[in-house]
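# Working through the structure, step by step
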Amino acid sequence: GGMETTAPPPTTNNPTTTTTTTTTTTTTTTTTTTTTEPCVYLDIAFIVDVSGSVGVNNFNLVRDAIASAVSRLIVGKDSIRVAFMTYHTYQFFEFDFNDHFSSTEVMDAILALVYDDSVSYGTLTGAALTSFVDTYLQQASGWRAHDTLVYVLTDGKSQDSVTSGAQYLKDTGAHVVALGITAQVAMDELVQIASSPQDIVLVRTFAGVELAILQDIDAKNLCLVTTTTTTTSTTTTETASELCTNGGYFLFDVYNEIIYCGTSDELCPGSAVCVDTFCCTTPAPTTTTTTTKTTTTTTATTTTTTT
């Protein structure tokens, strides 16, 4: 007794081999951008909220983050000038565009700032934006009325309206980035302050500020010097000679014979389907591998002229 196994009916015109063609394409693109000083006449300002909710530790994180960002810039009288203002209920004009003409001087001035925790002050962002324009965006403050980039950093909702101050600042032609820290920020205010939705940067904690500013400065191509990008892509295409009517390939069994399935997809291995009584793949497999390798080299140069 015992079970008898019925072999599938013999197939005619049974191919025993498939021809596979492989094509490989490699593309290499190298872009080299070299900048020479003066790279760009740009005035960059930082307006930093130092209200009671910030606290000493968080203020120190923001201060160090901005100093770190400045270390990447080509600061000079004829290249990038930096100004810094802090505010809570009142405004503090720490230094303007005329005060420091080297990145080390700017960094020292920023790192010397101390947070005042004697009183828990409020947040008047609208008034700060207006005062910033009236005090800093003036020829007397070293502003060159040319390309201006302003970073406004706040960790909460303002106690005054930001509408008129935000518009007043944008009307000067300045490009404004609103950096909101923590979930306490008021999104509607950031929308009014920033030049565009792309200029709203949100970070969950004060610890994220440094990376956020560096990434934004990098994205704005502020002439950080030489960048070399190399892209290599490899494309592999496989084509077999035996194609099923569905555009897939015939599947072969261990005896190198096409697998017979009648009309049942279940008799085909994996995701193969039953086409014209034989197992076929769907769709035709194409392998594409793309490898992108990007190398970025950054060097900053500062020229100090002593007279």
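Scroll up for the structure.
Let me sum up the structure you'll find in this document.

Before going further, it helps to examine the sheet that holds strand β7 (residues 200-203). In space, the 6 strands of this open sheet follow the order β4-β3-β2-β5-β6-β7, with mixed pairing throughout. Only two strands of the sheet have a single neighbouring strand rather than two, namely β4 (91-95) and β7. Pairs of neighbouring strands in the sheet enclose a mean axial angle of 20°, with direction left out of account. Of the pairings in the sheet, the one linking strand β6 (residues 175-181) to β7 comprises 4 bridges and is parallel in character.

As paired elements, strand β3 (residues 80-87) and β4 share 4 bridges and run antiparallel to each other. What sits directly across from F84, in β4, is F95. In this antiparallel pair of consecutive strands, β3 and β4, the connection spans 3 residues.

On to the packing of helix α1 (residues 55-70) against helix α6 (residues 209-219). Packing of α1 against α6 leaves a shortest axis separation of 8 Å and a crossing angle of 25°. Between α1 and α6, the angle falls in the class roughly parallel. Between α1 and α6 lies a crossing of right-handed hand. In this structure, α1 uses V62, A65, I66, S68 and A69 to contact α6, whose residues at the interface are V209, E210, I213, L214 and I217. Looking at the contact of α1 with α6 residue by residue, the classes come out as 8 nonpolar, 1 polar and 1 charged.

Quick look at helix α4 (residues 163-170) now. The periodicity of an α-helix, 3.6 residues per turn, causes residues three or four positions apart to be oriented the same way. Within α4, the full set of buried residues consists of G165, A166 and L169. Down the axis, α4 shows its buried residues gathered within 100° of arc, on one side only. The inward-facing, buried residues of α4 abut α3 (125-136), β5 (147-154), β6 and α5 (187-193).

Another aspect to go through is the sheet that holds strand β11 (residues 277-280). Across the sheet, 3 strands lie side by side as β9-β11-β10; this open sheet has antiparallel pairing. One side of each edge strand has no neighbouring strand; the edge strands of this open sheet are β9 (260-262) and β10 (273-275). Neighbouring strand axes in the sheet, compared pairwise and without regard to direction, differ in orientation by 50° on average. Here β10 pairs with β11 via 3 bridges, running antiparallel.

Scoring rules and cut-offs
- Residues numbered from 1 in each chain as written.
- Predicted model: local features only at pLDDT ≥ 70, side-chain atom pairs only at ≥ 80, totals over all residues.
- Heavy atoms only, no water.
- Pairing = 2+ DSSP bridges.
- Helix = DSSP H or I, 4+ residues; strand = E, 2+ residues; numbered from the N terminus.
- Axes fitted to C-alpha atoms, helices over the stretch in contact; angles between N-to-C directions.
- Parallel < 35°, antiparallel > 145°, perpendicular 65-115°, else oblique.
- Left-handed = near helix turned anticlockwise from the far one by under 90°.
- Contact = heavy atoms within 4.5 Å.
- Nonpolar A, V, L, I, M, F, W, Y, C, P; charged D, E, K, R; others polar.
- Buried < 20%, exposed > 50% of the residue type's maximum accessible area, 1.4 Å probe, protein only.
- Arc of directions from axis to C-beta.

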